[in-house]
Amino acid sequence: MEAALIIFALMVLFTFLGLGVYATVKVVQATKRGVDRTITQARRTVEDTTLRAKSFGQVGVTGALAQLRLDLRTSMRATEQALQDGVRVDASLHESIALFERLSAHGRELDDELKRLEQDPDRGRIAERLPDLRERTAKIKQAADSLRWAARDRAQRFAQDDLSTLSAQIEVESDALRDWSPEPVDDLAAAAAAWDAAQANGAATGRPQAPGSAPGQPADAASPTWGADQPQALNPAAPAPQYPWQKARRPESTT
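All chains use their own residue numbering, which begins from 1 and follows the written sequence. Restriction of local features to residues with pLDDT of at least 70 applies here, the model being predicted, together with a cutoff of 80 or more for giving and counting side-chain atom pairs; totals for whole chains, interfaces and linings are based on all residues. As a convention, hydrogens and water are excluded, and side-chain values are obtained from all of the structure's heavy atoms.

**Focus on the pattern of salt bridges**
Right, on to step 1. Each reported salt bridge corresponds to a side-chain nitrogen of Lys or Arg within 4 Å of a carboxyl oxygen of Asp or Glu. Tallied over the entire structure, the rule returns 12 salt bridges.
Right, on to step 2. Among the ionic pairs, Lys 139 bridges to Glu 135, the shortest N-O distance being 3.8 Å. Within this pair, Lys 139 and its partner Glu 135 are both found in helix α4 (residues 123-177), separated by four residues, close to a single helical turn.
Right, on to step 3. Arg 178 is paired through a salt bridge with Asp 175; the nearest N and O atoms lie 3.8 Å apart. Helix and strand labels come from DSSP, where a helix needs a run of H or I of at least four residues and a strand needs a run of E of at least two; each type is numbered from the N terminus.

**Structural notes on the packing of helix α2 (residues 61-86) against helix α3 (residues 94-118)**
Right, on to step 1. The axes are straight lines fitted to the C-alpha atoms, using for helices just the contacting stretch, and the angles between their N-to-C directions are given from 0 to 180°. Following both chains from N to C, one finds α2 and α3 inclined at 160°, their axes separated by 10 Å at the closest point. When the axis of α2 is compared with that of α3, the two are roughly antiparallel. Crossing angle aside, the handedness with which α2 passes α3 is left-handed. Residue-level contacts link Leu 65, Ala 66, Leu 68, Arg 69, Leu 72, Arg 73, Met 76, Thr 79, Glu 80 and Leu 83 of α2 to Ser 96, Ile 97, Phe 100, Leu 103, Ser 104, Gly 107, Leu 110, Asp 111, Leu 114, Lys 115, Leu 117 and Glu 118 of α3.
Right, on to step 2. Of the residues in the contact of α2 with α3, the class split is 12 nonpolar, four polar and six charged. Angle categories: roughly parallel below 35 degrees, roughly antiparallel above 145, roughly perpendicular from 65 to 115, and oblique for all the rest. By convention, the crossing between two helices is left-handed when the near helix turns anticlockwise from the far helix through less than a right angle, and right-handed when the turn is clockwise. Contact between two residues is taken to exist if any of their heavy atoms lie within 4.5 Å; hydrogens are not considered. Three classes are used: nonpolar for Ala, Val, Leu, Ile, Met, Phe, Trp, Tyr, Cys and Pro, charged for Asp, Glu, Lys and Arg, and polar for all others, with Gly counted as polar.

**Quick word on a nonpolar patch on the surface**
Right, on to step 1. A residue counts toward a patch only above 30% relative accessible area and without a salt bridge, and it is joined to like-charged neighbours within 9 Å or, for Val, Leu, Ile, Met, Phe, Trp and Tyr, to nonpolar neighbours within 5 Å. Note that accessible areas follow from Shrake-Rupley with a 1.4 Å probe, and for residues the cover is restricted to the protein chains shown. On the surface, a cluster of nonpolar side chains totalling about 500 Å² of accessible area is made up of Ile 6, Leu 10, Leu 13, Phe 14 and Leu 17.
Right, on to step 2. Its location among the elements puts Phe 14 in helix α1 (residues 2-57).

In short, the description is geometric, and any link to function would need to be established separately.
Structure (structure tokens):
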């Protein structure tokens, strides 16, 4: 029994140790990726700033090469960002991303070639190749721009369609809110007002409304009241009139 408990405790301990090592490795990898991303962005920013300075501050072959690299990198980076943002809401952009990855291979190849030519001392040979380099840069840039603007136009069209549908739904809801048809509560309020009016009319005529009678119905029709209008059942009847041709009534005591 004690051996089983020891084995179980060791298993739990090793499990916790394994989870700790796994979590540590994941944290280290995430930190490394964050550091690499930061270094890459910083290097890219420094390189773009250097290229911009060369394109503005230098003339000739060096300035032309720097301008080509700057235009190429700016276009490719903008297209990549637009596709990555669009694929989060539109899965059909996966095919466009696959095409852009193939285009990026040509773009990186051209950028590396331009970078090597910046260090080449033979400026005459580079000047001869500038027209071909400009043409290749223009083709890649045009393809990247086409993908980027197509993705933006698609996202804008989806936004317009969604806005039209939302506007139609809001119009339907607005029409429903403007429907002033009487509700059951209004009917009850009208019935209560009619009852109050009937009671007020009864009080004005001096004949109170009897309990249990309908509104507007006279109290006499609902239930009898003891008053002057009813036969005097409890009072003795008046003596019948005597006529000359009638015989005199004999007293009851007469035999």
